[in-house]
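Next come the chains, spelled out residue by residue.
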Amino acid sequence: GFALLSRHFEESQVPAVLPKFLPDDWKGGFVLLLMIFVLSSFLDNIAAAIIGGTIAATVFKHKVHIGYLAAIVAASNAGGSGSVVGDTTTTMMWIDGVNPLDVLEAYVGASVAMVIFGIPAALQQQRYSPIRKDPPRGVRIDWGRVAIVALILIAAIVANIVVNVEFTDISDRFPFIGAAVWLAILIAVPVRKPDWKVVPNAVKGSIFLLSLILCASLMPVEKLPVASWHSALGLGFVSAVFDNIPLTALALKQGGYDWGYLAYAVGFGGSMIWFGSSAGVALSNMYPEAKSVGLWLKHGWHVAVAYILGFAALVLVLGWHPDAKRVKSVDVAPSVAVLARI
């Protein structure tokens, strides 16, 4: 559904006119990353990453550096880490009773990380393929497609908030957000026909992502280390290779975490490898060259550095304040039912 959304957005010609408003040097790339960060705070991080990738393809003339692709994923994950509607893992915390204000503190680390990885990535991209200084001549915005994009995004946001506020007892039993997105797409068919050709590749990416989560949820893991900022830091690295959804489920069962730390760690940590987050998998479907762990680590080194420094900012600025009321023990692995949140 989000793949169809991105194609509607691309064909609306809005990305083509953005060079008129973005700075003409490396700061244009940095501003685009900030836009993705903000967008992800109230929209699903997958959609934010796909929209960011669509814009990047246009403003950088379809030549996007792998380091910048890693930064797009990092920006979408960082932006969603402090919002209970911005990421699947933070939504899980909200459903389980964690106060949204406890998650909000993740933005202390995410904001620091945004600067640390954003500037090097923007410089990489500017050297590789400079941003367009002016829009192509004769570009006209298709307002019909702009309206469709708005309809789809509003449907996703409303479904996310309504289901998780009013129907928390059934929110993990059905993919309500995905259904809302598809309903909006189908309603808009008479206005503009979607580009159905993008669906097969998107389906492959979805199957791959669900397979990762399924394998992770079946791992014979009985419990996490004792909750501390040290173990939270480690979970960020683990989430890059071991999907963050089962990790979050385990942490919620165990309890005793400072939830802002956990939201930052499992939300942003997966950005360090392309398949470590759903946003990374989605963006890599658009840019197949990014599906290389070696190249991602080589050119996206700034993401790992940003993760560590952002976490350090959390420790130094806020300190570790675990939720003593939610200390539990873990005796079973997370249920495969968590797949319903995707």
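If you're wondering where the values come from, they're calculated on a predicted model, not measured in any experiment.

### Some remarks on the packing of aromatic side chains
Here's step 1: Inspection of every chain in the model, using the stated rule, returns 17 aromatic pairs.
Here's step 2: An angle of 75° between the planes, with centres 5.3 Å apart, marks the rings of F60 and Y68 as edge-to-face.
Here's step 3: Geometrically, the ring pair formed by Y257 and W259 is tilted, given 6.1 Å between the ring centres and 40° between the ring planes. Just as Y257 is buried, W259 falls in that class too.
Here's step 4: Connected via pairs of aromatic rings, a cluster forms that spans F117, W229, F237, Y257, W259, Y261, Y264, F268, Y307, F311 and W320.
Here's step 5: The ring centre of Y128 lies 5.6 Å from the NZ or CZ of K63, which sits over that ring.

### As for a nonpolar patch on the surface
Here's step 1: A contiguous nonpolar surface patch, about 320 Å² in accessible area, is contributed by V112, W301, V305 and L309.
Here's step 2: Here the element with the most residues in the nonpolar patch is helix α17 (residues 301-317); it accounts for three residues.
Here's step 3: In this fold, L309 is placed in helix α17.

### Brief notes about the side chain of D323
Here's step 1: With respect to the helices and strands, the residue D323 is situated in the segment after α17.
Here's step 2: A distance of 3.1 Å separates polar atoms of two side chains, one belonging to D323 and the other to W259.
Here's step 3: Those residues in contact with D323 that sit more than four places away from it in its chain are G256, Y257, D258 and W259.

### Some points on the confidence of the model for the protein chain
Here's step 1: When the pLDDT values of the protein chain are averaged, the result is 85; 92% of them are 70 or greater.
Here's step 2: Across residues 327-342, where pLDDT falls below 50, the model places 57 contacts with residues more than four positions away in sequence or in other chains.

### Side note on helix α10 (residues 176-187)
Here's step 1: In this model α10 runs 16 Å from its N-terminal to its C-terminal C-alpha over 12 residues, within 8% of the 16 Å that 1.5 Å per residue would give.
Here's step 2: By the burial criterion, the buried members of α10 are I177, A180, V181, A184 and I185. Considered in projection along α10, the buried side chains sweep an arc of 135° and stay on one side of the axis. The exposed residues of α10 that point more than 90 degrees off its buried face are L183 and I187.
Here's step 3: Its buried side turned inward, α10 meets α1 (2-11) and α9 (143-166).

### Points about the nonpolar core
Here's step 1: Counting residues in each nonpolar core, the largest one holds 100 residues, and the members touching the most others are L33, Y68, F117, Y264 and F268.
Here's step 2: The element best represented in this core is helix α4 (residues 45-59), accounting for 10 residues.
Here's step 3: In this structure, F268 is in contact with A74, N77, A78, A113, F117, A263, V303, A306 and Y307, ignoring residues within four places of it in sequence.

Thresholds, definitions, all that
- Residues numbered from 1 in each chain as written.
- Predicted model: local features only at pLDDT ≥ 70, side-chain atom pairs only at ≥ 80, totals over all residues.
- Heavy atoms only, no water.
- Phe/Tyr/Trp six-rings, centres within 6.5 Å; stacked < 30°, edge-to-face > 60°.
- Buried < 20%, exposed > 50% of the residue type's maximum accessible area, 1.4 Å probe, protein only.
- Lys NZ or Arg CZ within 6 Å of the ring centre and 35° of its normal.
- Patch = residues over 30% accessible without salt bridge, like charges linked within 9 Å, V, L, I, M, F, W, Y side chains within 5 Å.
- Areas by Shrake-Rupley, 256 points an atom, 1.4 Å probe, with all protein chains shown as cover.
- Salt bridge = Lys/Arg side-chain N within 4 Å of Asp/Glu carboxyl O.
- Helix = DSSP H or I, 4+ residues; strand = E, 2+ residues; numbered from the N terminus.
- Polar contact = N/O pair within 3.5 Å; in protein donor to acceptor, adjacent residues only side chain to side chain.
- Contact = heavy atoms within 4.5 Å.
- pLDDT = per-residue confidence, 0-100.
- Expected span 1.5 Å × (residues − 1).
- Arc of directions from axis to C-beta.
- Core = buried A, V, L, I, M, F, W, Y, C linked by side-chain atoms within 4.5 Å.

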